[in-house]
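Here's the letter readout for the chains.
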Amino acid sequence: MKINANTKLYGLIGHPVEHSLSPLIHNYAFNSLDLNCVYTVFDVLPEKLEEAVKGVKALGIRGVNVTVPHKEKIIEYLDVVSEEALKIGAVNTVVNEEGILKGYNTDVYGFIDSLIEAGEKIERRKAVVLGAGGASKAVCVALALDGIDSIIVANRSVERAKDLSEYIKKEFKIPCDYCSINEVEEIPEIDMLVNTTSVGMYPKVEDSPVSEKVVSKAKFVYDVIYNPLETVFLKYAKKNGIKYSNGLSMLVNQANYSFKLWTGGFFDKNLVYMHLKEGIM
Ligand code: ATR
């Protein structure tokens, strides 16, 4: 790839950003489609966010992804925000359309596609979602939009679980209960168990958000974590012969929707998966 005066610049705004896989994904995709674009990372401290957004505009950066801890805060600095991003209260993709900054959230569609990829249907199923942060909200909204029967949000802080469950009930008019993560043991049957907590993520890879007994009750298990690709939580599923999937699919699918917003087309997911697996294993 040749970087020249016509190269379009994209990037990731977050803190920290040094372990992000997004540059690997987008640069590979740009190259494979022969697009004169490049993607890098911008480590932006919370107190510098407003200036950074002004910088995106001033420098004509064509688009950015947004990650922790800026997904919520960035909304107030954008010119236009999509309906679903407003519903989730978080933006993970910004498009710079000739100086107008438009915010979107592609995590929701990324998660829905990951379930489709795993061959999982959502309708008439009961889900238990572990965690009540930003990732949980995107997963719960995706499940609600795609016709889940009911959700139970289980979290370490019960207050946060309650807030999210009330929001889902009010916004989507579906049954959504909540409990402490320690009470998940008492749920008799789980169609779909999704971990959105950071428990089990590198470097504390020996941890699991729930016990093997809980995992063994589920019919399908998803972990939004992709580092490591196989968390202890997923190992429990494997050991018990339960279908499971890791967070790499959500990462790639949300990236693909961002890519579409920026370039007008999708990248080839299979090529990107192969490239990523080579790059991270
Ligand atoms: P994100 O936006 O990635 O979801 P977050 O908002 O910081 O990040 O949420 C992290 C989630 O992991 C929360 O549900 C958090 O539980 P609390 O709300 O009780 O903090 C959960 N989490 C983090 N560390 C945990 C731990 N050691 N045990 C259980 N849950 C944990």
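For every chain, the first residue of the written sequence is number 1, and numbering continues from 1 onward in sequence order. Where local features are concerned, this predicted model is filtered to residues with pLDDT of at least 70; where side-chain atom pairs are given and counted, the filter is 80 or more; whole-chain, interface and lining totals use all residues.

- An unreviewed UniProt entry annotates the protein as Shikimate dehydrogenase (NADP(+)) originating from Thermoanaerobacter uzonensis DSM 18761.
- UniProt positions are given in the numbering used here, feature names are shortened, and annotations may be inferred rather than shown by experiment. One UniProt comment on the protein, placed under Subunit (unreviewed entry), says "Homodimer."

**Examining the packing of helix α4 (residues 107-117) against helix α9 (residues 248-263)**
So, point 1. As a packed pair, α4 and α9 sit with axes 7 Å apart at the nearest point and diverge in direction by 125°. As the angle between them shows, α4 and α9 are arranged oblique. Relative to α9, the crossing made by α4 is right-handed. Counting all contacts with α4, which are made through Asp107, Tyr109, Gly110, Phe111, Asp113, Ser114 and Glu117, the residues of α9 involved are Ser249, Met250, Asn253, Gln254 and Tyr257.
So, point 2. Under the scheme applied, nonpolar residues are Ala, Val, Leu, Ile, Met, Phe, Trp, Tyr, Cys and Pro; charged residues are Asp, Glu, Lys and Arg; polar residues are all the others, including Gly. Among the residues forming the contact of α4 with α9, the class breakdown is four nonpolar, five polar and three charged. Here an axis means a line fitted to C-alpha atoms, over the contact stretch when the element is a helix, while the angle between two N-to-C directions is reported on a 0 to 180 degree scale. Here a strand is any run of E in DSSP of at least two residues, a helix any run of H or I of at least four, and the numbering for each starts at the N terminus. By definition in this entry, angles of less than 35 degrees are roughly parallel, angles greater than 145 are roughly antiparallel, angles of 65 to 115 are roughly perpendicular, and the rest are oblique. Handedness of a crossing follows from how the near helix is turned relative to the far one, being left-handed for an anticlockwise turn of less than a right angle and right-handed for a clockwise one. It is the C-beta atoms, placed from the backbone, that decide contacts: two residues are in contact if theirs lie within 7 Å.

**Regarding the sheet that holds strand β2 (residues 37-43)**
So, point 1. Any two strands between which DSSP finds at least two bridges are classified as paired. Pairing within the open sheet is mixed, and its six strands lie in the order β2-β1-β3-β5-β6-β4. Each edge of the open sheet is held by one strand with a lone partner, namely β2 and β4 (80-81).
So, point 2. Both strand β3 (residues 63-66) and strand β5 (residues 93-97) contribute to a ladder of three bridges, which runs antiparallel. Looking at the pairing, Val64 lines up with Val94 of β5.
So, point 3. Of the strands in this sheet, β1 (8-14), β2 and β3 are in contact with helix α1 (residues 22-32), which crosses β2 at around 165°.

**Things to note about the UniProt feature "binding site: shikimate" (unreviewed entry) in the protein**
So, point 1. Per the UniProt record, the feature "binding site: shikimate" (unreviewed entry) sits at Ser20, Leu21, Ser22, Thr67, Asn92, Asp107, Tyr226 and Gln254.
So, point 2. Its location among the elements puts Thr67 in the loop between β3 and β4.
So, point 3. Overall, Thr67 belongs to the partly exposed group, with 18 C-beta atoms counted inside 10 Å.
So, point 4. Dropping the residues within four chain positions of it, Thr67 is found in contact with Leu12, Gly14 and Asn92.
So, point 5. The residues contacting Asn92, other than those within four sequence positions of it, are Asn65, Val66, Thr67, Lys71, Asn105, Thr106, Asp107 and Gln254. Three classes are used. A residue is buried when 20 or more other C-beta atoms lie within 10 Å of its own, exposed when 12 or fewer do, and partly exposed in between, with C-beta atoms placed from the backbone.

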